[in-house]
Amino acid sequence: PQEQRELYDRSPYNIVRVELGLGGEKDTPEDSRYTRAAAFLGRWVKEGVLVPEERPALYLTHQLFRYGGKEHVRKGLMALVKLEEFEEGGVRPHEETAQEAKRDRLELMQACRANISPIMALYDEPGGGLAEAFASVGKRPPDVTGEVGEETHHLWALTDEGAISTICSSLESLPLYIADGHHRYETALKYRGLMKESQSPGWDDPPSNFVMMTLIDMSDPGLLCLPYHRLVRGIPPTTLRGLLQQSVRFFNVEQFSPPEGEAAADLFLQGLQSRGSQEIVLGLFGVEEGKFHYLTLKDERLVASLMPPNSSQAWQGLSTSIVHKVLLKGLLGLDDVEVEKRGDISFLRDALEAVRRVSDGEFQLAALVNAVSMAQLKGVADGGERLPSKSTHFYPKLPTGLVINSLDV
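Scoring rules and cut-offs
- Residues numbered from 1 in each chain as written.
- Predicted model: local features only at pLDDT ≥ 70, side-chain atom pairs only at ≥ 80, totals over all residues.
- Heavy atoms only, no water.
- Helix = DSSP H or I, 4+ residues; strand = E, 2+ residues; numbered from the N terminus.
- Rg over C-alpha atoms; globule rule 2.2 N^0.38 Å.
- Buried < 20%, exposed > 50% of the residue type's maximum accessible area, 1.4 Å probe, protein only.
- Pairing = 2+ DSSP bridges.
- Axes fitted to C-alpha atoms, helices over the stretch in contact; angles between N-to-C directions.
- Contact = heavy atoms within 4.5 Å.
- Arc of directions from axis to C-beta.
- Core = buried A, V, L, I, M, F, W, Y, C linked by side-chain atoms within 4.5 Å.
- 1 Å grid on protein atoms, 1.4 Å probe; cavity = no way out; pocket = protein on both sides within 12 Å on 5 of 7 lines; lining within 4 Å.
- Points joined across faces, edges and corners; volume = space filled by probe spheres on them.
- Nonpolar A, V, L, I, M, F, W, Y, C, P; charged D, E, K, R; others polar.
- Salt bridge = Lys/Arg side-chain N within 4 Å of Asp/Glu carboxyl O.
- Polar contact = N/O pair within 3.5 Å; in protein donor to acceptor, adjacent residues only side chain to side chain.

A. Examining the overall build of the chain more closely. Looking only at helices and strands, one finds 15 helices and 18 strands in the chain. Relative to the compact-globule value of 22 Å for 409 residues, the chain shows a C-alpha radius of gyration of 24 Å, a close match. Over its C-alpha atoms, taken along the principal directions, the chain stretches across nearly 65 × 55 × 45 Å. For the chain, with 409 residues in total, the buried portion stands at 47%.

B. Just the sheet that holds strand β12 (residues 251-256), in detail. Spatial ordering of the open sheet is given by β12-β14-β13-β16-β11-β15, a layout of 6 strands whose pairing is antiparallel. Only two strands of the sheet have a single neighbouring strand rather than two, namely β12 and β15 (345-348). Across the sheet, the mean angle separating the axes of adjacent strands is 20° when strand polarity is ignored. Judged from the 3 bridges that link them, strand β11 (residues 229-232) and strand β16 (residues 365-368) form a sheet pairing that is antiparallel. Within the sheet, the bridge partner assigned to Arg230 lies in β16 and is Ala367. Of the strands in this sheet, β12, β13 (281-285), β14 (292-297) and β16 are in contact with helix α10 (residues 264-276), which crosses β14 at around 5°. Sheet strands in contact with helix α14 (residues 351-359) are β11, β13, β14, β15 and β16, and its direction is about 160° off that of β16.

C. Just helix α15 (residues 374-382), in detail. Buried within α15 we find Met374, Leu377, Val380 and Ala381. Down the axis of α15, the buried set is contained in an arc of 135°. They therefore lie on one face. Those residues of α15 hidden inside the fold are in contact with β3 (91-92), β5 (119-123), β8 (176-180), β10 (224-226), α11 (313-316) and β17 (393-395). Gly384, located one to two residues past α15, shows a positive phi value of around 80°.

D. The nonpolar core, seen in detail. Among the nonpolar cores identified, the biggest contains 48 residues, and Leu122, Leu243, Phe251, Leu365 and Phe394 are the most heavily contacted of them. Looking at which element gives the most residues to this core, the answer is helix α12 (residues 319-331), with 6 residues. In this view, Phe394 contacts Arg74, His94, Met120, Leu122, Ala179, Leu223, Leu224, Cys225, Met374 and Leu377; residues no more than four positions away in its chain are not counted. Leu106, Leu130, Phe134 and Leu189 belong to the second largest nonpolar core, which has 33 residues in total.

E. Focus on the environment of Leu60. Position of Leu60 among the secondary structure elements: in strand β1 (residues 58-67). For Leu60, a relative accessible area of 0% puts it in the buried group. Once the C-alpha coordinates of Leu60 and Ala264 are considered, the two residues, 204 residues apart in sequence, prove to be 42 Å apart. Beyond its immediate sequence surroundings of up to four residues, Leu60 is in contact with Gly76, Leu77, Phe134, Val137, Gly138, His154, Leu155, Trp156 and Leu158.

F. A look at the layout of surface pockets. Taken as a whole, the second largest pocket holds about 980 Å³ of empty space. What lines the second largest pocket is a set of 33 residues, and nearest its centre among them are Leu226, Pro227, Gln273, Asn370 and Ala371. Those elements that place two or more of their residues in the lining of the second largest pocket are β2 (70-82), β10, α10, α12 and α14. No other element matches α10, which puts 6 residues into the lining of the second largest pocket. Taken together, the residues of the lining of the second largest pocket sort by class into 15 nonpolar, 13 polar and 5 charged.

G. Region of interest: the pairing of β13. A large share of β13 lies buried, amounting to 5 of its 5 residues. Inspection of the sheet shows β13 paired to β14 by 5 bridges, in the antiparallel sense. Residue pairing in the sheet places Leu284 in a bridge with His293 of β14.

H. Spotlight on the sheet that holds β1. An order of β3-β8-β5-β9-β2-β1-β7-β6 is seen for the 8 strands of this open sheet, with the pairing classed as mixed. What marks the edges here is a single partner per strand, and that holds for β3 and β6 (144-148). Here 6 bridges tie β2 to strand β9 (residues 210-217), and the two strands are oriented antiparallel to one another. Across the sheet, the residue bridging to Lys82 is Phe210, located in β9. Contacts from helix α6 (residues 161-171) reach β1, β2, β5, β7 (151-158) and β9, with the element oriented near 70° to β1.

I. Quick look at the pattern of salt bridges. A full pass over the atoms with the stated rule returns 24 salt bridges. Across the salt bridge formed by Asp344 and Arg233, the nearest N and O atoms sit 3.6 Å from each other. With a gap of 111 residues between them, Asp344 in the loop between α13 (336-342) and β15 and Arg233 in the loop between β11 and α8 (237-241) connect regions that are remote in the sequence. Arg233 gets classed as partly exposed once you look at its relative accessible area, which sits at 28%.

J. Inspection of α14 at higher detail. For α14, the set of buried residues is Ala351, Ala354, Val355, Arg357 and Val358. Axial view of α14: buried residues confined to an arc of 165°, hence all on one face. Elements that come into contact with the buried residues of α14 comprise β11, α10, β13, β14, β15 and β16. Measuring from the backbone nitrogen of Leu352 back to the side-chain oxygen at the start of α14 gives 3.0 Å, which picks out Asp350 as the cap. After α14 finishes, the residue Gly361 shows a positive phi value of roughly 85°.

Pasting the structure below:
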């Protein structure tokens, strides 16, 4: 809420007024944050703040940001993608969704008749031809440049019909993997269904058949997928004390002993990442006061009996799956669904913050994991499965407001 208000105060044209407008106790169906969003959008078009593109276009984007002390550039292509049901296989999800978030997005879409934020989707193009084409476009000055905090955004409009045709042909046979925006995609499907009732006869491809996406190559060096770590409380003390002894059924257990005077948490996390490139390993903090432990899986076949029926080896080999089904349920005897309902589990992207909150006594245990690889995400999604909730965090978020797709055109 504080950041929302700050964005409101920053500019009368800040996109937060449309994407996540302020609500009020006196809101009515006729005057709500959704109707006000639509009013802002219409006013900005009339005032020339938003300018319709004169020709059909695709948009190349560069998002420049810092992470881990390094400069990164994530490259994307903003385009409309024809909607299809997940069962058709062309667009593949990787996470579960919540009904409340979809209701909110549907009301906004119905009021504004537009896609405000792009869905982030990934593709795998082994030949790399698209990357070469985009590199040549990126050599000319961008049409739009903007800075938000420590991020810089460049945007190029691609209006050449031949180039657009070549790019579309290269992408049309490739499956797309939703990285961020599952709710928006499912909302667009719902909106399409509702609009079918009011479409003009003979209109084969109305705007509601499409949704705006930013498409990113899985091999793009700027594509960062970060892990979500788990914080747990509500564990019986005797159960927690016996965790390491019980763990040897499935894991090789090793206590981490840092060099004298070194920052233990940083070194431990570096070791976790290094080991994770070779084997399935979890990091634990809190089983013994102030101590870190590595839990390296002995054999994936040992945990199969604890996994959901018919789940694939790809799904069973995810660190987040092992945390929930082996660590929480199998060894600690906790129902992961009930634990989440009670608020006894929390998901954090910052591993050092997770360690601090255990040290402060707010939680009993931190389960630290490595990031899901693109090969793992692709393997699970190709099998028609979805990763456990809070398995991926694609950093940073895509910007909202660079391009808006009107569904009235």
